[in-house]
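Next come the chains, spelled out residue by residue.
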Amino acid sequence: MNLMKLIRNELVADTSITIIRADQIGKLPPLPYATYKIIGDRKGIGRENISHVDQPNTLIEARSQERNFTISFNAYGTSHDNASEVAAQLRKWFEGRGSFFLDGLGVAVASISEVGNRTTFLMDSYDEKWGFDVIIRYNETEEFEIDYFDKVEYEVIVERE
């Protein structure tokens, strides 16, 4: 998703925290770092808005609707407390500077969960992580060209009894 790439790049530039996509194969970056995963992309509240713009040779139909997508962030640190601090720093970005950046893109932060402990037990050790989820609201617009008819032929049949 192009919007997610913009958010990630700005978040990295503002916080200097390495952020990678979750659930991918490859070498992990040095600690501390964070992962993100889009866990939902759904239609928002309300109905689709359909409008038409008349052009000289075609008709443009625009369909727009509100969309919401949920991003889950997990932070991994050099310690249990460091992971919590990294997650809190990322969350604060969405409340402050990030909300202004997103507003410039015509996007809103719908909600942000609290930072929580997401530590898991893996075989013989703990995977220490803290995280939160953020719901982003945006409008999705698609435009289609609808051709005009060059010529229409019809026949009128009148039946009389």
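As a further point, take the overall build of the chain. Of regular secondary structure, the chain possesses three helices and nine strands. The secondary structure elements of the chain, listed N-terminal to C-terminal, are α-β-β-β-β-α-α-β-β-β-β-β. Its C-alpha atoms give the chain a radius of gyration of 24 Å, clearly above 15 Å, the size a compact globule of 161 residues would have. Along the longest, intermediate and shortest principal axes, the C-alpha atoms of the chain span 90 × 35 × 30 Å. The buried share of the chain, reckoned over its 161 residues, is 31%. Across the chain, contacts joining residues at least 24 apart in sequence account for 68% of those joining residues at least 6 apart. Looking at charge distribution, the chain has the averaged site of its 18 positive side-chain charges lying 6 Å from that of its 27 negative ones.

Taken together, the side chains of Phe149, Val152, Tyr154, Val156 and Val158 make up a nonpolar region of the molecular surface, amounting to roughly 670 Å² of accessible area. Along the polypeptide, Tyr154 turns up in the segment after strand 9 (130-147). Taking the relative accessible area as the measure of exposure, Tyr154 reaches 69% and is therefore exposed.

Right, let's get into the packing of aromatic side chains. Overall, the coordinates contain seven aromatic pairs when judged by the stated rule. Judged by centre distance (5.3 Å) and plane angle (20°), the rings of Phe73 and Phe132 are stacked. Linking Phe73 in strand 4 (residues 58-76) with Phe132 in strand 9, this pair joins segments that are 59 residues apart in sequence. Note on Phe73: relative accessible area 1%, which makes it buried. Ring centres 4.9 Å apart and planes at 90° place the aromatic pair Trp93 and Phe94 in the edge-to-face group. No difference in accessibility class separates Trp93 from Phe94, as the two residues are buried. The rings of Phe73, Trp93, Phe94, Phe101 and Phe132 are connected pair by pair, giving a single aromatic cluster.

Further remarks concern the environment of Ile60. Residue position: Ile60 is located in strand 4. Note: C-alpha distance between Ile60 and Lys5 (55 residues apart in sequence) is 29 Å. In contact with Ile60, not counting residues within four places along its chain, are Ser51, His52, Val53, Gln55, Glu143, Phe144 and Glu145.

For Gln65, the location among the structural elements is in strand 4. In contact with Gln65, other than residues within four places in its own chain, are Lys43, Glu48, Tyr138, Asn139 and Glu140.

Evaluated as defined, the whole model comprises eight salt bridges. In this structure, Arg91 engages Glu95 in a salt bridge whose closest nitrogen and oxygen atoms are separated by 2.6 Å. A residue pair is termed a helical-turn pair when its members lie 3 or 4 positions apart in one helix, as Arg91 and Glu95 do in helix 2 (residues 80-95) at four residues. Looking at Arg91, the relative accessible area reads 11%, which means it is buried. A salt bridge links Asp133 to Arg118, with the shortest nitrogen-to-oxygen separation between them at 3.0 Å. Here Arg118 lies in the loop between strand 6 (116-117) and strand 7 (120-122) and Asp133 lies in strand 9, a separation of 15 residues in the sequence. We classify Asp133 as partly exposed; its relative accessible area is 23%. The exposure class of Arg118 is partly exposed, given its relative accessible area of 22%. A single network of salt bridges, built from pairs that share partners, joins Glu10, Asp14 and Arg97.

Reading the values: rules and limits
Residues numbered from 1 in each chain as written. Predicted model: local features only at pLDDT ≥ 70, side-chain atom pairs only at ≥ 80, totals over all residues. Heavy atoms only, no water. Helix = DSSP H or I, 4+ residues; strand = E, 2+ residues; numbered from the N terminus. Rg over C-alpha atoms; globule rule 2.2 N^0.38 Å. Buried < 20%, exposed > 50% of the residue type's maximum accessible area, 1.4 Å probe, protein only. Contact = heavy atoms within 4.5 Å. Lys, Arg positive; Asp, Glu negative; His and termini not counted. Charge placed at Lys NZ, Arg CZ, Asp CG, Glu CD. Patch = residues over 30% accessible without salt bridge, like charges linked within 9 Å, V, L, I, M, F, W, Y side chains within 5 Å. Areas by Shrake-Rupley, 256 points an atom, 1.4 Å probe, with all protein chains shown as cover. Salt bridge = Lys/Arg side-chain N within 4 Å of Asp/Glu carboxyl O. Phe/Tyr/Trp six-rings, centres within 6.5 Å; stacked < 30°, edge-to-face > 60°.

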